[in-house]
Each structure stands twice: as structure tokens, then as C-alpha cells.
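# Structure at a glance
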Amino acid sequence: MIKTSDKLADGRELLYFDPEEAVPREPSLDRRPLEPAASLSEIRRDPTTGSWVTVAAHRQARTYHPPADECPLCPSREDRLSEIPASDYRVVVFENRFPSLAGHADPELLGHPVAESAAGTGRCEVVCFTADHGSSFADLTESRARLVLDAWTDRTAELSVLPEVGQVYIFENRGAEIGVTLAHPHGQIYAFPFVPPRTARMIEQAGRHRAATGRNLFEDVLAAERADPVRVVLAGEHWTAFVPFAARWPYEVHLYPNRRVADLTQLDEAERAEFPGLYLELLRRFDRLFVEEGRHEQARPTPYIAAWHQAPAVDGHELALHLELFTIRRTAGKLKFLAGVESGMDAFVNDVSPEAAAQRLREVAS
């Protein structure tokens, strides 16, 4: 992999990722008249739960559903300048122009018993998977998907060692139903200055399991699913994809490496080589989920969230790397809304049994 560093007009970093055999890139000039990047962000702790909430009011001004010919993630042209100055690219990563995490907090509130805040430090990056605006991750070749994996790994390695970073979170939101405001195929990376609530709960539960059994929770979960594969969707030599026993979402798949590792940097070459084919097959199955249920759905890609769970640098030794892929669509033309029970109490009610979801995902195999 060849990584080329560049700068945007307002000082933000931009990185091009190309295959080893590619011709090295020349620096590309960002000709936009941008002011230096300056965003105010802070985190505030909820005194009733202990969780941090990010306040980033400047994001109200971010780009919202632009027409395709004004997409900020497409390559630049002579008559249209975008976030990517080059005329073409394979995979590119750059600092978000409207980051959730950046800036300073009021120092007088640090440590306050019921109104504690801190600087919203960290970093937010955008990962563009392809220059093709009308494409999607599922349309990538295996070699291009591998290049994305290599870019994710590079960013995990660099961001996780920053002193202000508590956890590196890589994810993709896909589809307007999810809330995506830019249609171009892309994902994001959040380098949090804290350990997010879901990760904290996982670590706490893994600690309880270790104390009770002497074993790692995630290894035991994977072993149980492989031993009784009723919920296994796809299995390779190095990875296993399954619908979790207590799935929260109508169609939810967890993808684990068969060997427990903490984060993407610890995957070996065999695991990296097998990942693209399995992951692309999962994404393509998601797009076929509702085709037979309603013919009008055939032209509508399935909205989903793909989330990499990686161990934080501190107290994360029990957490295992895995990817969680899920859709909010529960059937053709119907979405799963997080209403009073889910949003108000964080208590999920699933309309599809995990076993039925796994069976459906096996039925739509390539």
C-alpha cells in the first residue's frame, strides 16, 4: 500500500491510499478559498448515567443532501472543486470539515459534580471508498475492499496512540433512512476522547464473565455459535458471521475473526486476505434481503450501519475485535423505529427472531 499525505486549503490533513503497484502521487493543490479550520466542541458528562455527551453546535451548518454534481466527496474538476483536490482516487481519508470532536471546553467546569465538561478533543475523519459516486461498498472488488481495510488499519494505528484518544471507532452509515446526508459511498472514523457507553458495558460484562468462568466472554460467544450453527450466516477459515442470540435489530450480523485480537492492527495476513470476500458477500446478501418480499424494493439498496468494535487502549484487554452490521428495515417498506421503549429506556424489542433472520440471510447467498 502507498500512502500519500496532503493538506487541504484550511490546513486539514488528507491521505490518499493506493495499491503497492500504483504510480506514486504528486501533491494536489486545493484551490478553494477556505478559512483555517476552527471548530468548537465539548463533551459533557450526564450526572445521572455517567456517560459523556458530545456538544458540537457548529455541525448544524454541514453540507446536507447536495445534488450529485455538487458532491463534496467526488474528485475535483476544473469547474467544480471538492474536498478531494485530485482528479481521481482509489481510497482517500481526510479530516472532517464539520467534526464532532474538536475545540475547547470551559475549564471552570472540569470536575464539577453535576455539570462536568471537558474539551471535545479527538479527531473525526471521512473515509471515501471509491471515486464512483453511484457505487457502494458492496460494488467494490476484493482488492479495493482490501485497500479500505488497510486504510482502516493505518488510521487505527495512528489515532489510537494519541494521548487524548480513548477509543478508535470506524463505521459506515448507508442510506437516507439511516440519516446519511452525503450519498457518495463513504464511512467515518471517530477517535473518541473517552470510552463510549456500549464499549464500557461490553468491558464490564466481559469482566463479570472472566470472574465467573475464568474465560474470555467473546471467545465463548463465538465458540457457542460455531458449535450450534443455527444462527451462523457465513463461515470461512479465519472469520465467522452470525446473527447474535439476543439480536437487537431485525437483521443484525456480527463478524468475528476466529482468533481473538484487540483491534485491526493485530490481524495477520491470512485474516486480512479472507476478510474482503466474506464482507462483500454479507453486504450483497443484505441488498437481497427484501427482493422477494416486495418487487418495489428491488431498486432500493438496504440501509445499514456497519460498526467496528475495537478494544480501547486502557482496560480493553478483554474486548475482542468484531464488526456489527445491521439494518433498520424490518420488512419490505417498513422500518424499525426506536420509539418509546428503545429510545426512552434503551430496552430493545425485535420483530424478527434471530434464527429466522439467519435463515433468511443464508437463503439469499450468492
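The paragraphs below set out a description of the structure included in this document. Keep in mind the model is a prediction, meaning the values are calculated, not measured.

With that out of the way, let us pick up the packing of aromatic side chains. Scanning the entire structure with this criterion turns up 18 aromatic pairs. Between F129 and F137, the ring centres sit 4.8 Å apart and the planes meet at 70°, which makes this aromatic pair edge-to-face. Summarising the burial analysis for this pair, F129 and F137 share the class buried. Between the aromatic rings of W249 and F348, the centroid separation amounts to 5.2 Å while the plane-to-plane angle is 70°, which identifies the pairing as edge-to-face. With W249 in the loop between β11 (239–242) and β12 (251–257) and F348 in the loop between α5 (340–345) and α6 (354–363), this pair connects stretches of sequence that are 99 residues apart. By relative accessible area, W249 is classed as buried at 7%. In this structure F348 comes out as partly exposed when scored by relative accessible area, which is 25%.

Our next topic: the sheet that holds strand β7 (residues 123–128). Pairing is antiparallel in the open sheet, where eleven strands are placed in the order β1-β2-β5-β7-β9-β8-β13-β14-β12-β11-β10. Both edges of this open sheet fall to β1 (2–7) and β10 (232–235), since each of them pairs with a single strand only. Strand-to-strand twist of the sheet, defined as the mean angle between neighbouring strand axes without regard to direction, takes the value 20°. Two elements, β12 and strand β14 (residues 322–327), share five bridges in a ladder whose sense is antiparallel. Within the sheet, the bridge partner assigned to V253 lies in β14 and is L325.

To continue, consider the packing of helix α1 (residues 142–160) against helix α4 (residues 269–288). Close contact between α1 and α4 brings their axes to 9 Å; oriented N to C, the two are set at 120°. In terms of axis orientation, α1 runs oblique to α4. The crossing of α1 and α4 is right-handed. Taken together, the residues of α4 that come into contact with α1 (itself represented by E142, A145, R146, L149, W152 and T153) are E269, R272, A273, F275, P276, G277, Y279 and L280. Its residues assigned to classes, the contact of α1 with α4 comprises eight nonpolar, two polar and four charged.

Each value, and the rule that gives it
Throughout, residues of each chain are indexed from 1 in the direction in which the sequence is written. It should be noted that, the model being predicted, local features are given only for residues of pLDDT at least 70 and side-chain atom pairs only at 80 or more, the latter also being counted only at that level, while totals for whole chains, interfaces and linings use all residues. Side-chain figures throughout are based on the complete set of non-hydrogen atoms in the structure, without hydrogens or water. Stacked, tilted and edge-to-face pairs are distinguished by plane angle, under 30 degrees for stacked and over 60 for edge-to-face with tilted covering the rest, among Phe, Tyr and Trp rings (Trp via its six-membered ring) whose centres lie within 6.5 Å. Only protein chains enter the accessibility calculation, which uses a 1.4 Å probe. A residue is then buried if its area is under 20% of the maximum for its type, exposed if over 50%, and partly exposed in between. Where helices and strands are cited, they refer to DSSP runs of H or I of at least four residues and of E of at least two residues respectively, numbered from the N terminus. Following DSSP output, two strands are said to pair if at least two bridges run between them. In this analysis, axes come from line fits to C-alpha atoms, helices being fitted only over the stretch in contact, and the angle between any two N-to-C directions falls in the range 0 to 180 degrees. The cut-offs work like this: below 35 degrees is roughly parallel, past 145 is roughly antiparallel, 65 to 115 is roughly perpendicular, and the gaps in between are oblique. Each crossing is labelled by how the near helix is turned from the far one, with a counterclockwise turn of less than a right angle marking it left-handed and a clockwise turn marking it right-handed. Note on contacts: a residue pair is in contact if any heavy atoms of the two residues lie within 4.5 Å. By the convention adopted, Pro, Cys, Tyr, Trp, Phe, Met, Ile, Leu, Val and Ala count as nonpolar, Lys, Arg, Asp and Glu as charged, and the other residues, Gly among them, as polar.

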